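Below, each chain spelled out in residue letters.
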Amino acid sequence: MNAGQLVLEPQRVEHAAEMFEVLSDPAIYEFENSPPQSLAWLEERFKRLEARASPDGTQQWLNWVIRLPTGALAGYVQATITRDRTALIAYELSSRFWRQGIGGAAVRAMLSELTATYGVRTFVAELKERNYRSAALLNSAGFERVGPHRGDEIVMQKVLAHAT
Ligand SMILES: CC(C)(COP(=O)(O)OP(=O)(O)OC[C@H]1O[C@@H](n2cnc3c(N)ncnc32)[C@H](O)[C@@H]1OP(=O)(O)O)[C@@H](O)C(=O)NCCC(=O)NCCS
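Residues numbered from 1 in each chain as written. Predicted model: local features only at pLDDT ≥ 70, side-chain atom pairs only at ≥ 80, totals over all residues. Heavy atoms only, no water.

Chemist: Could you give me a rundown of helix 3 (residues 102–118), with the residues and numbers involved?
Modeler: At 3.6 residues per turn, the α-helix brings residues three or four places apart onto the same side. With 17 residues, helix 3 should reach 24 Å at 1.5 Å per residue; the first-to-last C-alpha distance of 23 Å fits that figure. Buried residues of helix 3: I102, G103, A106, V107, A109, M110, L111, L114 and Y118, and no others. Just downstream of helix 3, G119 is the residue with a positive phi angle, here 65°. (Helix = DSSP H or I, 4+ residues; strand = E, 2+ residues; numbered from the N terminus. Expected span 1.5 Å × (residues − 1). Buried < 20%, exposed > 50% of the residue type's maximum accessible area, 1.4 Å probe, protein only.)

In structure tokens:
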């Protein structure tokens, strides 16, 4: 999948070594989560995710790594598609690549792919309220805040109008 000059490649175990470097950037985890424990752990995780589905088969788990024109990987974008064809999205980029339009372009390309190939019209993101970078990306991609706080988390959503 092409996103301007970016290429989104379906994530595979072969990406794990390079992604281990990308995801070991502590800046990514300022608000939540933590870096991969080891390369072996990440390989195991990527291997499982290659099934592209939850173990019970009810959800599609889609992950793409973001390939830059230089050949380097910048991070990943991710979507969990539920039975009602809602997609819960997430993304992480190494901080070396922040504020260059890369995350936004990758997310927009993923949303287009989710609509075109999987019929998704409702996109949801759950984030820490303090995560202003993620909120800015989502605002720019047309998401709006919905529902009450869930502890320190908020939910943002984008719903596409149905073509008439
Ligand atoms: C969130 C993240 C993916 C943004 O990636 P990015 O490549 O820097 O985003 P972009 O450069 O494409 O910016 C997208 C929009 O957000 C805005 N934005 C991004 N970072 C911002 C910041 N620090 N302050 C203000 N606005 C910001 C940009 O201005 C842009 O808005 P525009 O389209 O109106 O110009 C990146 O910061 C990241 O990986 N963070 C750590 C992981 C994380 O928090 N993931 C989300 C968990 S819910």
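So that's the structure; there's more coming.
Chemist: Please set out the sheet that holds strand 8 (residues 153–159) residue by residue, giving values where relevant.
Modeler: In spatial order, the strands read 1-2-3-4-5-6-8-7; together these 8 strands make up an open sheet with mixed pairing. Each having just a single partner strand, strand 1 (2–3) and strand 7 (144–150) make up the two edges of the open sheet. Summarising the sheet, strand 2 (residues 6–10) and strand 3 (residues 60–67) pair through 4 bridges and their orientation is antiparallel. Bridge assignment links P10 to a residue of strand 3, and that residue is W64. (Pairing = 2+ DSSP bridges.)

Chemist: Talk me through the site of the ligand; I want residue IDs and the actual numbers.
Modeler: By nearness alone, 22 residues border the ligand, and Y91, R99, G104, N131 and S140 come closest of all. In this structure, N131 approaches the ligand through a side-chain N or O atom, which is 2.8 Å from an oxygen atom. Contact between the ligand and L137: an oxygen atom at 3.3 Å from a main-chain N or O atom of the residue. Elements supplying a minimum of two residues to the shell around the ligand: strand 5 (86–93), helix 3, strand 6 (122–128) and helix 4 (132–140). In the shell around the ligand, the residues fall into 10 nonpolar, 7 polar and 5 charged. (Near = heavy atom within 4 Å. Polar contact = N/O pair within 3.5 Å; in protein donor to acceptor, adjacent residues only side chain to side chain. Nonpolar A, V, L, I, M, F, W, Y, C, P; charged D, E, K, R; others polar.)

Chemist: Quick rundown of the nonpolar core? Include the residues and the values.
Modeler: Formed by 35 residues in total, the largest nonpolar core has its most connected members in I66, V77, I89 and L114. Going through the elements one at a time, strand 2, strand 3, strand 4 (73–81), strand 5, helix 3, strand 6, helix 4 and strand 8 are the ones with two or more residues in this core. A per-element tally of this core places helix 3 first, with 8 residues. In contact with L114, other than residues within four places in its own chain, are L62, W64, A79, I81, A87, I89, G119, V120 and F123. Of all hydrophobic cores here, the second largest spans 12 residues; its members include M19, F20, I28 and Y29. (Core = buried A, V, L, I, M, F, W, Y, C linked by side-chain atoms within 4.5 Å. Contact = heavy atoms within 4.5 Å.)

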